[in-house]
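# Descriptive structure summary
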Amino acid sequence: MYTTLISAEQLQALMADAKPLRIFDCSFDLMQPHAGKDQYLLAHLPGAVYANLDTDLSARHGVPGAHGVVTAGGADQPASGGRHPLPNREKFATWLSSVGFANTLQAVVYDRNGANYCGRLWWMLKWAGHEGVAILDGGLQAWQAAGGAVASGEEASHFQSNFELGPERATLVDAGQVSRQLGRPTHTLIDARAPARFRGEVEPLDPVAGHIPGALNRFFGQNMGADGKFKPAAELRAEFDALLGGRDPASVVHHCGSGVSALPNLVAMEISGLGRSGLYAGSWSDWVSEPDRPVALG
């Protein structure tokens, strides 16, 4: 199975051979939450399931409701904090089953946003124990450039499956773990937000500006080449080696604003051969939810 990236040509070959797979369109827009589904309805890979960041790949915790903020509990208890809290693994497995995804299938995820959103589903499937998931390199744009067909409108529903959770193949880190490791050489934070947000010069989404003390900054868009695909492995390796400056790659924990745009960095490190890093999914939005946590500027 493909486990990191898959090219448009490789996916076309799988589809032509009728290999067992499920394709997910994860297109989204933080400022216009309905735009991703609208784009999907206009054009998507044939047979693709739409995976909505807000409703499918996030828990309801923290969502404004009719009578204040909704705080999910019980079976809906989220696995992380932040603006896009992770659903717990059982809830996620229920959603996978509802769209007909089974443990025997190859998953292919894509978006039209520079892998900013599909990386979330890639990571969540690893976290659920499913290693056979790959990102369509270059997204919808690369697919169309390679002559791939597109469909429009809604797709037919899939019969429910029974996706079974396996051992976690991705490391989820929480705020307590980050707090206890601050300043230690065994812990390296990489913040994927834009440099101005990292420095605290602007903050369009969260109530406090700045970054977690000691964090390094690598904007997630730096992983892509001019063609919209991930840079070659050797180039990514050189860039991350320079960023880490001798720090152990195994010590890295990625984060961003709400645990979504951190994933291109995490995927890029894996492509480069530096292994699978940890993810602080709550990220900055979770970090500043407690007023006593330290904040750095500049």
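Residues numbered from 1 in each chain as written. Predicted model: local features only at pLDDT ≥ 70, side-chain atom pairs only at ≥ 80, totals over all residues. Heavy atoms only, no water.

The next thing to look at is the overall build of the chain. Secondary structure assignment for the chain yields 10 helices and 12 strands. Compactness check: the chain gives a C-alpha radius of gyration of 19 Å against a globular reference of 19 Å for 298 residues, within 12% of the reference. The C-alpha extent of the chain, read off along each of the three principal axes, is 55 × 50 × 35 Å. Scored against the burial criterion, the 298 residues of the chain give a buried share of 51%. A separation of at least 24 residues holds for 76% of the contacts in the chain among residues at least 6 apart in sequence. A gap of 3 Å separates the mean positions of the 23 positive and 30 negative side-chain charges of the chain. (Helix = DSSP H or I, 4+ residues; strand = E, 2+ residues; numbered from the N terminus. Rg over C-alpha atoms; globule rule 2.2 N^0.38 Å. Buried < 20%, exposed > 50% of the residue type's maximum accessible area, 1.4 Å probe, protein only. Contact = heavy atoms within 4.5 Å. Lys, Arg positive; Asp, Glu negative; His and termini not counted. Charge placed at Lys NZ, Arg CZ, Asp CG, Glu CD.)

The next subject is the environment of Trp95. Position of Trp95 relative to the elements: it lies in helix α3 (residues 89-98). The contacts of Trp95, once residues within four sequence positions are left out, are Phe24, Tyr50, Ala51, Asp56, Leu57 and Leu121.

What follows deals with the packing of aromatic side chains. Following the criterion strictly, the structure yields 8 aromatic pairs and no others. Centroid distance Tyr40 to Tyr50: 5.4 Å. Interplanar angle 40 degrees. Geometry classified as tilted. Of this pair, Tyr40 sits in helix α2 (residues 35-42) while Tyr50 sits in strand β3 (residues 49-50); the two residues are 10 residues apart in sequence, bridging distant segments of the chain. Note on Tyr40: relative accessible area 2%, which makes it buried. Since its relative accessible area comes to 11%, Tyr50 is described here as buried. In this structure an aromatic cluster arises from ring pairing among Phe24, Phe92, Trp95, Phe101 and Phe163. The aromatic ring of Phe240 is capped on one face by Arg218, whose charged end is 4.3 Å from the ring centroid. (Phe/Tyr/Trp six-rings, centres within 6.5 Å; stacked < 30°, edge-to-face > 60°. Lys NZ or Arg CZ within 6 Å of the ring centre and 35° of its normal.)

We now examine the pattern of salt bridges. Scanning the model with the defined rule gives 17 salt bridges in all. With its nearest N and O atoms 2.8 Å apart, the salt bridge here joins Asp25 to Arg112. Residue Asp25 is found in strand β2 (residues 21-25), and its partner Arg112 is found in the loop between β6 (106-110) and α4 (118-127); the two are separated by 87 residues along the sequence. By relative accessible area, which is 0% here, Asp25 ends up buried. For Arg112, a relative accessible area of 16% gives the class buried. Salt-bridge contacts for Glu270 lead to Arg276; the nearest nitrogen and oxygen are separated by 2.8 Å. Where salt bridges share partners, they join Arg83, Asp191, Arg193, Arg197, Glu203 and Asp206 into one cluster. (Salt bridge = Lys/Arg side-chain N within 4 Å of Asp/Glu carboxyl O.)

The next subject is the sheet that holds strand β8 (residues 171-173). Sheet strands pair by backbone hydrogen bonding; their relative direction is either parallel or antiparallel. Strand order in this open sheet of 5 strands is β8-β12-β11-β9-β10, and the pairing throughout is parallel. Two strands bound the open sheet, and with one partner strand each, they are β8 and β10 (216-217). Where strand β9 (residues 188-191) meets β10, 2 bridges bridge the pair, whose relative direction is parallel. Bridge pairing links Asp191 to Asn217 in β10. Running at roughly 120 degrees to β9, helix α8 (residues 233-244) makes contact with β9, β10 and β11 (252-255) of the sheet. (Pairing = 2+ DSSP bridges. Axes fitted to C-alpha atoms, helices over the stretch in contact; angles between N-to-C directions.)

Okay, the pairing of β9 next. Burial along β9 is two-sided: the face carrying Thr188 and Ile190 and the face carrying Leu189 and Asp191 are both buried. One ladder, built from 4 bridges, connects β9 with β11; its direction is parallel. Counterpart to Thr188 in the pairing with β11 is Val252.

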